[in-house]
Amino acid sequence: MSAVDRLLDGPAADLARAVREREVTAVAVAEKALGRVRAAADRHGSYLWFAEDLALAQAAEVDRLVEHGENFPLAGVPLAVKDNIHVETLPSTAGSKILAGFVAAESATCVRRLVAAGAVVVGKTNCDEFGMGSSNESSAYRPVKNPWDPERVPGGSSGGSAAAVAARSAPLAIGTDTGGSVRQPASLCGLVGWKPTYGRVSRYGLIAFASSLDQAGAFARTVEDAALAFREMAGEDPRDSTSLRTPVPDVLGRMKKGVEGLRVGLLLEAEAEGGLAPDVRKSFEGTAELLRKAGATIVEVSVPRVPMAVPVYYLVATAEASSNLARFDGIRYGARRGDGDLASVYTGTRSAGFGPEVKRRILLGTFALSAGYQDAYYGRAERVRALLRRDFDAAFLKVDAILCPTSPETAFRFGAKTADPLQMYLADVFTVPASLAGLPALSVPSGLSSEGLPIGMQFIGPVDSEPVLFALARSVEEGAGVWTLKPPDAL
Ligand code: GLN
């Protein structure tokens, strides 16, 4: 095995160090990674578009500047980008046929920041159409296979990004998380995945799904890599009016201090509402024990409106989606179909371009916002959302972070939930609460099930608590040791 191969199998932090110290060149890493990206696309369907020219150009630039003493934190680190995040010169389709042929004119702010830190974009990853789904089965292109068991889903909607990192085609990937789309696939693929405090990472250059919930986040195999990505992606952006102006909290510094004295609340509603799979419950209890041994104080905590989060989310998210997706009309955006009058262009374009899940959501969201129903559905959902936020505020008077499983079960088989959208929506029971409340949350691998499938635990904290969340995750990572295991179907 070559030095570059070994580095691609390891953490991003080690790879960046080797490029900085000129043990290997970023170009050699990019060439090897691009081969792996092609292989991963063939094997798992994790990529939709390849970035050969861009990757080689970015890598050559990294090498040139490294020679001049530039100290890139992510020097030469191959980066996979979800297809609903713009990367200049590459297609951006959000996994939808309606955007077939669309090429991004510029890169999203979070991509630009990672590239400025030395990362090299190797490809665009498959996802559920417009980020709508929890299994990647709603991609208009192809499903994605989970490298832990190719007969199972990788989760969604950022399933391609998760499978790409789990398979070792890239050590780092980014995705969007509107209601769990980074955390849930991270959990199902044995990775660390985070979403920030709302506003901490710019949304500029993301294809909008539900603007009051959408956030960009990252996937990595280690907590340190995930924290590095946070540090580089976070920060004020004048091009996103919801971007936070306050200083970015220091995640890497806090991580070294451990978890001694931190108060962690076990979410009471996780047991009652989640229909937890037995192995997931066991891992939940095991994680609590592990944290207790590491010096944290474990208590139980209730967030009483967690059981209402799924219905609230599926009203708020669909309402916002019905408005955001109106721009795909065949005139401003979207592959045009139909001719003659305006109505036939709209109908032709949208009938042919959107898949069934997207249509379902537009219909639901339009209904929830329609005259006479808006207050009964959308208005009520927003009121319950405000109460959920208050529940969290009350809980965070007692604890520094809340622990619960990321997903009630491990990776499920293809087709297991496609016939019943409600079953699919319930997969999000533990991820949507933090999204609705605008809180940071992350998922960390906590064990394997009896079938050898990864289990993930989630930490949710108050606004700007990322340093505490990463410190807790680091402690679980050390105790559980899952990160050292390679999925059986990796490259
Ligand atoms: N699974 C959720 C949904 O389908 C979340 C998606 C997301 O975070 N983009 O809406």
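Predicted model, so just to flag it, every value in this text is computed and none were measured.

## Observations concerning the sheet that holds strand β10 (residues 441-448)
Working step 1: Strand order in the open sheet formed by 11 strands is β1-β3-β2-β4-β6-β5-β10-β11-β9-β7-β8, and the pairing between neighbours is mixed. Every interior strand has two partners, whereas the edge strands, β1 (47-50) and β8 (297-301), have only one. Here the strands of the sheet are splayed against their neighbours by 30° on average, with no regard to which way each runs.
Working step 2: Two elements, strand β9 (residues 401-405) and strand β11 (residues 454-460), share four bridges in a ladder whose sense is antiparallel. Residue Cys404 lies in a different strand from β11, and its bridge partner there is Gln458.
Working step 3: Contacts between helix α3 (residues 26-44) and the sheet are confined to β1, β2 (78-82) and β3 (120-125), with β1 contributing the most and set at about 140° to the helix.
Working step 4: With respect to the sheet, helix α11 (residues 278-293) is in contact with β7 (263-267), β8, β9, β10 and β11, its orientation differing from that of β11 by roughly 55°.

## A short note on the side chain of Asp237
Working step 1: Looking at where Asp237 falls in the secondary structure, it is placed in the loop between α8 (223-233) and α9 (251-255).
Working step 2: No salt bridge is formed by the buried Asp237. Its closest oppositely charged neighbour is Arg239, at 4.6 Å.
Working step 3: A polar side-chain atom of Asp237 sits 2.6 Å from a polar atom in the side chain of Thr109.
Working step 4: Here Ser202 takes part through its side chain, which lies 2.6 Å from a polar atom of the side chain of Asp237.
Working step 5: When residues no more than four places from it in sequence are discounted, the contact partners of Asp237 are Thr109, Ser202, Tyr204, Ser243 and Arg245.

## What to know about the side chain of Ser322
Working step 1: If you trace the backbone, Ser322 turns up in helix α12 (residues 309-324).
Working step 2: Ser322 sits in the buried class, given a relative accessible area of 12%.
Working step 3: Once residues within four sequence positions are removed from consideration, Ser322 is found in contact with Ile362, Gly365, Thr366 and Leu369.

## Observations regarding the confidence of the model for the protein chain
Working step 1: When pLDDT is averaged along the protein chain, the result is 96, and 99% of the positions lie at 70 or above.
Working step 2: Within the protein chain, β2 carries the highest mean pLDDT (99), whereas helix α10 (residues 268-273) carries the lowest (81).

What counts, and at which threshold
Residues numbered from 1 in each chain as written. Predicted model: local features only at pLDDT ≥ 70, side-chain atom pairs only at ≥ 80, totals over all residues. Heavy atoms only, no water. Pairing = 2+ DSSP bridges. Helix = DSSP H or I, 4+ residues; strand = E, 2+ residues; numbered from the N terminus. Axes fitted to C-alpha atoms, helices over the stretch in contact; angles between N-to-C directions. Contact = heavy atoms within 4.5 Å. Buried < 20%, exposed > 50% of the residue type's maximum accessible area, 1.4 Å probe, protein only. Lys, Arg positive; Asp, Glu negative; His and termini not counted. Salt bridge = Lys/Arg side-chain N within 4 Å of Asp/Glu carboxyl O. Polar contact = N/O pair within 3.5 Å; in protein donor to acceptor, adjacent residues only side chain to side chain. pLDDT = per-residue confidence, 0-100.

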